[in-house]
Amino acid sequence: MSSGFTKSLAMTFVSEIGDKTFFAAAILAMRYPRRLVLAGCVSALIVMTILSATVGWAAPNLISRKWTHHITTLLFFGFGLWSLWDGFKEGGGGSEELAEVEAELDSDMKANGKSTKDKTEDENKKQKRPFLTQFFSPIFLKAFSINFFGEFGDKSQLATIGLAADENPFGVVLGGVVAQLVCTTAAVIGGKSLASQISERIVALSGGMLFIIFGIQSFLTSVDA
């Protein structure tokens, strides 16, 4: 369990720092109450981590553990090379990524603003309020949905699935949740100033080396079929 926890903690941390969901949390925290943004973002990432680990845990029951081990090893090497390539391509800071995410959120807010101009229509919407918004704040749901769907197909999600197939899933979930909590809290509290100072190149290179190390370790570990 300790191995799964350590690997998941390190892998998730380097994957999420400077990620789109990290920048989205920082920007949302500047516009809405921090506690709601933090709750929404962390809840989404915890749910995604648990789902990914569950898929990884179920994988050895569908195909042999030997094959899942080989696939996980290839994933680590693949993600490592991918991250290193991104690191060599990227510029020095995260300002471009931050601006891109901010532009996406701005366009989304403008689209929502246009749809609420008509007061009569707004009243009708209140009467036909969606089921979830009767129990959760719209800000919480916005932060949740942005982070949840932003993680689909992400490198960290796929790596979590592979890691849970090869390590103790409870340790993987615990390590991932702790890392997500630390990263998201830093984004919400630090805000835009912290996000803009992050070096995407250093993060990508560090993540790439970490994935390569995990790949080598996995390659040298023998697993019975």
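Residues numbered from 1 in each chain as written. Predicted model: local features only at pLDDT ≥ 70, side-chain atom pairs only at ≥ 80, totals over all residues. Heavy atoms only, no water.

- By the naming in an unreviewed UniProt entry, the chain goes by GDT1 family protein and is assigned to Brassica napus.
- We quote the UniProt Sequence similarities (unreviewed entry) comment for the chain here in full: "Belongs to the GDT1 family."
- Listed under Subcellular location (unreviewed entry) in UniProt, the entry text for the chain is "Membrane". (UniProt positions renumbered as here; feature names shortened; annotations may be inferred.)

**Let's talk about the UniProt feature "transmembrane region" (unreviewed entry) in the chain**
Step number 1: The UniProt entry lists residues 36-55, 67-85, 131-150, 170-190 and 202-220 under the feature "transmembrane region" (unreviewed entry), expressed in the numbering used here.
Step number 2: Helix makes up 100% of residues 67-85 and strand 0%. Its end C-alpha atoms lie 27 Å apart.
Step number 3: With 100% helix and 0% strand, residues 202-220 has end C-alpha atoms that lie 27 Å from one another. (Helix = DSSP H or I, 4+ residues; strand = E, 2+ residues; numbered from the N terminus.)

**Points about the side chain of Thr-72**
Step number 1: Counting through the fold element by element, Thr-72 comes out in helix H4 (residues 65-89).
Step number 2: Take Thr-72: its relative accessible area is 1%, and that puts it in the buried class. (Buried < 20%, exposed > 50% of the residue type's maximum accessible area, 1.4 Å probe, protein only.)

**Here we look at a nonpolar patch on the surface**
Step number 1: Together, Met-1, Phe-13, Phe-170, Leu-174, Val-178 and Val-182 make up an exposed nonpolar region whose accessible area comes to about 580 Å².
Step number 2: Tallying contributions element by element places helix H9 (residues 169-197) first for the nonpolar patch, with four residues.
Step number 3: Position of Leu-174 among the secondary structure elements: in helix H9. (Patch = residues over 30% accessible without salt bridge, like charges linked within 9 Å, V, L, I, M, F, W, Y side chains within 5 Å. Areas by Shrake-Rupley, 256 points an atom, 1.4 Å probe, with all protein chains shown as cover. Salt bridge = Lys/Arg side-chain N within 4 Å of Asp/Glu carboxyl O.)

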